Amino acid sequence: MRKTNKKGPIQTATKGDLVQIHKVILTPEQRPEGLPESTKAVPYEAWIKGFLLDEKAKVGDTVRIETFIGRELSGTLVEVNPIYDHNFGKPRQELLRIGMEVKKQIKREGKPSHE
Amino acid sequence: MNRDVSYSLVMSRKKESMKNSMGLNYQQFDISPIAFDYEGLMNSGGYSVSEVQKIQLETGVGNTPLVELKNITELARSISAPGKGARIFVKDEKACPSGSFKDRRASLSVYHAARLGYEGVVAATSGNYGAAVASQAAKYGLKAIILQEVYDSRKVGQPEILEKTRACEAYGAEVWQLTVGPELFYIMLLILEETGFFTASLYIPTAIMGIETLGYELAQQVKEREGRFPDMVLIAHAGGGNVTGTARGLQKAGSHETVVVGASVDLRGLHMASDHDFNRKSFTTAHSGFGFPFLTMPDRTDVPRNAARALRYLDRYVLVSQGEVFYVTELLAKLEGLERGPAGNTSLAAAIPLAKELDRDQILVVQETEYTAAGKLPSSQLTFAEENGVIVKRGDPGENVPGKVIVIPERAEQIQAENVNLDKIRQSYIKNVVEAAKGYRPTEADIRFMAEDSKSSIEFVRKTLRDLAIEVAA
């Protein structure tokens, strides 16, 4: 799921690096009753970014971070220099011609289209 | 102090935690297990519309342009009966600092938190509200923690929410990206206990008062330009704050005859707390999954009494499909030169069918737009939908199936606004309110309250209670 940079994912971090940590907040057993089955079957998890406070760490280590507001949190190091990888998506045929279609329709002003 | 942080214990401290984190005692507004003094709650902050406007002006919130959508109006007229096709205007809320009307919602709460001396604010939201809180916190020098429901258990997240994570972090917030589940509230309580921050809930009075300026402003803009108030205002409806604040603002401006219409994206059938369904929807807000429960159970939220009470203000409630919203997002860009985010165009989708019902000289206002970016685009959201097994095609939007098929209309005349029966919603509301009061028998005062709170009548409430075989206090 995670993207990597050109050289593959960075596995180690030193103090001050931007990292992402992972925490299991509640195991499936600790989750409340009444959840949909697919939700109750999995843990409740969190990811938070911040600057590494430990001198050195590698992915999978339990580490401490300083968040963007200066709070100290701990968790499992999952990514070093995490990137935002959401994008503009692929061009969509379903959308591309909409503008041209309606412009034609407006030109035939007043007449309903019966294509 | 080392407190027990187990789920049940943290949840049991809910009342105390929330009270500490809001500087507001809700009990003073209680009248009975059913009724409370809504206006008293709304006035508790002590801010008038003009004071809110002044506060918002300080951080550049509000005063957004009102733009007439002449080409979309022309398109609507080309498919309307002779003499029909109202003028369509849009309030370009993208012009707010973080790019949506949510800046209004956040501004007064964050100002209030700073005034009360809190060090920071916490908000649980996957929507634009997070960026708004973070942006306002930056302005006031407060710290912000934003809790977002982002990922399913595969760590796959909707592009739109991932963009909001980015935006919140860009404004300097600490962001918790969480998996699907209502335990978001548990984390919020836990963090409030740890930090002593202010809870910038979407449902506190200051959040709604901040939106009143939107309705007020648009009524004044239309009046100044056209010499009359708008005939209809279309508002995207989810948690109820947008409808409530806007409608209250319209009233405060004197625009009493304006028809208030709520619009949500139809996601009926998808379970909002389901890990499996989570990524089968392309809309993360302004959809029926929030729209219905917040009308029928307004107080089932993170505060004792929800200040967002859309049922009090709605004259009409309509549903549109995801494909229809993507279609009008294209129209707005290609015909009007406004490239905006799809979620903010939910009520725009309803504008075309509703304009067809009105006369040509009538004025219909779509009261928001939102910013757009990577992730918040029809192309990225449709790509994601397809990757998650949803079929995307063009055709008759009537074939739309939430979570399974997204149908992009082939022609504007295919766009429909499906009317929701508000009386049914009102009946559910009355049933839920009485049930929540657990065995308490409604009095005359409660009946009056429920009539006001559901924009119905005393007769309607009485009949509903009779139909439900609920006994009334003698």
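Below is a short write-up of the structure. (Residues numbered from 1 in each chain as written. Chains lettered and ligands numbered in written order. Predicted model: local features only at pLDDT ≥ 70, side-chain atom pairs only at ≥ 80, totals over all residues. Heavy atoms only, no water.)

Right, let's get into the overall build of chain B. A count of helical and extended segments in chain B gives 18 helices and 13 strands. Its C-alpha atoms give chain B a radius of gyration of 21 Å, near enough to 23 Å, the size a compact globule of 474 residues would have. Projected onto its principal axes, the C-alpha coordinates of chain B cover approximately 65 × 55 × 45 Å. By the burial criterion, 66% of the 474 residues in chain B qualify as buried. For chain B, restricting intrachain contacts to residue pairs at least 6 apart in sequence, the fraction spanning at least 24 positions comes to 76%. When the accessible area of chain B is evaluated, it comes to approximately 16100 Å², of which 48% is carbon and sulfur surface. When the 54 positive and 59 negative side-chain charges of chain B are each reduced to one mean point, those points stand 2 Å apart. (Helix = DSSP H or I, 4+ residues; strand = E, 2+ residues; numbered from the N terminus. Rg over C-alpha atoms; globule rule 2.2 N^0.38 Å. Buried < 20%, exposed > 50% of the residue type's maximum accessible area, 1.4 Å probe, protein only. Contact = heavy atoms within 4.5 Å. Areas by Shrake-Rupley, 256 points an atom, 1.4 Å probe, with all protein chains shown as cover. Lys, Arg positive; Asp, Glu negative; His and termini not counted. Charge placed at Lys NZ, Arg CZ, Asp CG, Glu CD.)

Within this structure, the stated rule accounts for 10 aromatic pairs over all chains. Measuring from ring centre to ring centre gives 5.1 Å for Trp47 of chain A and Tyr151 of chain B, while their planes differ by 75 degrees; the resulting arrangement is edge-to-face. Here Tyr151 of chain B lies in strand 4 (residues 143–151) and Trp47 of chain A lies in strand 3 (residues 44–52), a pairing that spans two chains. Aromatic side chains Tyr203 of chain B and Phe294 of chain B sit 5.1 Å apart centroid to centroid with 25 degrees between the ring planes, which places their arrangement in the stacked category. Of this pair, Tyr203 of chain B sits in the loop between strand 6 (198–199) and helix 10 (205–226) while Phe294 of chain B is found in helix 12 (residues 288–296), placing the two residues 91 residues apart along the sequence. Accessibility expressed as a relative area gives 11% for Tyr203 of chain B, which makes it buried. Looking at Phe294 of chain B, the relative accessible area reads 12%, which means it is buried. Taken together, Phe36, Tyr38 and Phe449 of chain B form an aromatic cluster joined through their ring pairs. Just above the ring of Phe229 of chain B sits the side chain of Lys223 of chain B; from NZ or CZ to the centre is 4.8 Å. (Phe/Tyr/Trp six-rings, centres within 6.5 Å; stacked < 30°, edge-to-face > 60°. Lys NZ or Arg CZ within 6 Å of the ring centre and 35° of its normal.)

Contacts between the two partners involve 67 residues from chain B, matched on the other side by 48 residues from chain A. Carbon and sulfur atoms supply 60% of the area buried between chain B and chain A, which totals about 4900 Å² over both sides. When the buried surface of chain B facing chain A is broken down by residue, Lys155, Glu174 and Glu183 of chain B rank first, second and third, together holding 12% of it. In this structure, the connection of chain B to chain A is made through six salt bridges. (Buried area = accessible area lost by both parts, 1.4 Å probe. Salt bridge = Lys/Arg side-chain N within 4 Å of Asp/Glu carboxyl O.)

Strand 3 of chain A sits mainly inside the fold: eight of its nine residues count as buried. Examined bridge by bridge, strand 2 (residues 18–26) of chain A and strand 3 of chain A share eight bridges and lie antiparallel to one another. Bridged to Ile21 of chain A within strand 3 of chain A is Ile48 of chain A. Where strand 3 of chain A and strand 5 (residues 174–179) of chain B come together, three bridges link them in antiparallel fashion. Bridge assignment links Ile48 of chain A to a residue of strand 5 of chain B, and that residue is Trp176 of chain B. (Pairing = 2+ DSSP bridges.)

The next thing to look at is unusual backbone geometry. Residues and elements named next belong to chain B. Its identity as a non-glycine residue notwithstanding, Lys155 has a phi of 60 degrees, on the positive side. Structurally, Lys155 is set in the loop between strand 4 and helix 8 (159–170). Non-glycine residue Ala469 carries a positive phi angle of around 55 degrees. Counting through the fold element by element, Ala469 comes out in the segment after helix 18 (458–467).

What follows covers the pairing of strand 3 (residues 120–124) of chain B. Residue and element names in this part refer to chain B. With four of its five residues buried, strand 3 lies for the most part within the structure. Looking at chain direction, strand 3 and strand 4 are connected through five bridges and run parallel. Opposite Val121, over in strand 4, you have Ala144 as the bridge partner. For the crossover from strand 3 across helix 7 (residues 128–140) to strand 4, the handedness is right-handed. Examined bridge by bridge, strand 3 and strand 6 share two bridges and lie parallel to one another. Paired with Val121 across the bridge in strand 6 is Phe198. (Right-handed = clockwise from strand over helix to strand, strands pointing away.)

The next point concerns the environment of Phe101 of chain B. Residues and elements named next belong to chain B. Relative to the helices and strands, Phe101 resides in the loop between strand 2 (87–91) and helix 6 (102–115). Measuring from C-alpha to C-alpha, the distance between Phe101 and Val61 comes to 8.5 Å, with 40 residues separating the pair along the chain. Not counting residues up to four positions away in its chain, the partners in contact with Phe101 are Glu93, Ile211, Leu214, Asn242 and Glu368.

Counted at 1.5 Å a residue, the expected span for helix 8 of chain B with its 12 residues is 16 Å, and the 16 Å between its end C-alpha atoms agrees. For helix 8 of chain B, the buried fraction is high: 10 of the 12 residues fall into the buried class. Taken together, the buried residues of helix 8 of chain B touch strand 3 of chain A together with helix 7, strand 4, strand 5 and helix 15 (378–387) of chain B. Where helix 8 of chain B terminates, the next one or two residues include Gly172 of chain B, which has phi positive at roughly 90 degrees. (Expected span 1.5 Å × (residues − 1).)

This part covers the sheet that holds strand 13 (residues 418–419) of chain B. Residues and elements named next belong to chain B. The strand order across the open sheet formed by seven strands is 1-2-10-7-8-9-13, and the pairing between neighbours is mixed. Pairing within the sheet leaves two strands with one partner each, and these edge strands are strand 1 (66–68) and strand 13. Of the strand pairs in this sheet, strand 2 and strand 10 (residues 363–366) are connected by four bridges, and their pairing is parallel. Across the sheet, Phe89 pairs through a bridge with Val365, a residue of strand 10.

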